[in-house]
Amino acid sequence: MSSNIKCRIISKGKDSGNALVTKDPISFLGGVDPKTGIVIDKKHELYNECITDKILVIPSGKGSTVGSYVIYQMAKNNTAPRAIICQKAEPIIAIGAIISKIPMVDNPDVDIINTINANDEITVDADNSTIVIN
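Residues numbered from 1 in each chain as written. Predicted model: local features only at pLDDT ≥ 70, side-chain atom pairs only at ≥ 80, totals over all residues. Heavy atoms only, no water.

S.K.: Sorry, what's going on with the packing of helix 1 (residues 67-77) against helix 2 (residues 91-100) here?
M.R.: Geometrically, a packed helix pair is captured by the angle between its two axes and the distance between the axes. Packing of helix 1 against helix 2 brings their axes to within 7 Å, and their N-to-C directions diverge by 30°. As judged from the angle between their axes, helix 1 and helix 2 are roughly parallel. In the packing of helix 1 onto helix 2, the handedness of the crossing is right-handed. Within the contact between the two elements, helix 1 uses G67, S68, Y69, I71, Y72 and A75 and helix 2 uses P91, I92, I93, I95, G96, A97, I99 and S100. For the contact of helix 1 with helix 2, the residue count by class is 10 nonpolar, 4 polar and no charged. (Axes fitted to C-alpha atoms, helices over the stretch in contact; angles between N-to-C directions. Helix = DSSP H or I, 4+ residues; strand = E, 2+ residues; numbered from the N terminus. Parallel < 35°, antiparallel > 145°, perpendicular 65-115°, else oblique. Left-handed = near helix turned anticlockwise from the far one by under 90°. Contact = heavy atoms within 4.5 Å. Nonpolar A, V, L, I, M, F, W, Y, C, P; charged D, E, K, R; others polar.)

S.K.: Would you mind showing me how to read helix 1 here?
M.R.: One turn of the α-helix equals 3.6 residues, which is why residues spaced by three or four share an orientation. Burial in helix 1 covers these residues: G67, S68, V70, I71 and M74. All buried residues of helix 1 project into a common sector of 160° when viewed along the axis, lining one side. Residues of helix 1 that are exposed and point more than 90 degrees away from the buried face comprise Y69 and K76. On the buried face of helix 1, the contacting elements are helix 2. Following helix 1 by one or two positions, N78 adopts a phi angle in the positive range, close to 60°. (Buried < 20%, exposed > 50% of the residue type's maximum accessible area, 1.4 Å probe, protein only. Arc of directions from axis to C-beta.)

S.K.: Before we go on, may I ask you to explain the environment of I122 in this structure?
M.R.: Relative to the helices and strands, I122 is located in strand 7 (residues 121-125). Sequence spacing of I122 and S2 is 120 residues, and the spatial spacing of their C-alpha atoms is 9.5 Å. When neighbours within four sequence positions are excluded, I122 is seen to be in contact with D15, S16, G17, A19, I55, I85, I116, I131, V132, I133 and N134.

S.K.: Can you walk me through a nonpolar patch on the surface in this structure?
M.R.: A cluster of nonpolar side chains, contributed by L29, V66, Y69, Y72, I95, I98 and I99, occupies part of the molecular surface with about 620 Å² of accessible area. Those elements that provide at least two residues to the nonpolar patch are helix 1 and helix 2. The element best represented in the nonpolar patch is helix 2, accounting for 3 residues. Structurally, V66 can be placed in the loop between strand 4 (55-58) and helix 1. For V66, a relative accessible area of 40% puts it in the partly exposed group. (Patch = residues over 30% accessible without salt bridge, like charges linked within 9 Å, V, L, I, M, F, W, Y side chains within 5 Å. Areas by Shrake-Rupley, 256 points an atom, 1.4 Å probe, with all protein chains shown as cover. Salt bridge = Lys/Arg side-chain N within 4 Å of Asp/Glu carboxyl O.)

Purely geometric stuff here, so don't read any function into it on its own.
Structure follows, in structure tokens:
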């Protein structure tokens, strides 16, 4: 049974994949290796996990504005997530997703961190402001 969640568009596009969920905000600068897509922040819940080709589900981003360019570098390296879902977006990740053409949404009408589970098959349809849990 699928579930539709309404949300707000941050970056246009639509993609599907397996969810990677964390309750910790993520910093792309110093927190994720842009060459491999692996979380390298030893204090992060996703330490040693690869975000490449995943639907990244996070409460928010954090860190330096250079994080936007790390996301862009990941897109060029083919190590970026397929889409990003934030509980509450902030400018760093939003700009990174927009310039990298990664579908991104935020402000879902449910608590996504406690609704979406790791490896759930998710479709992010930012163009229609929906998240579908398949």
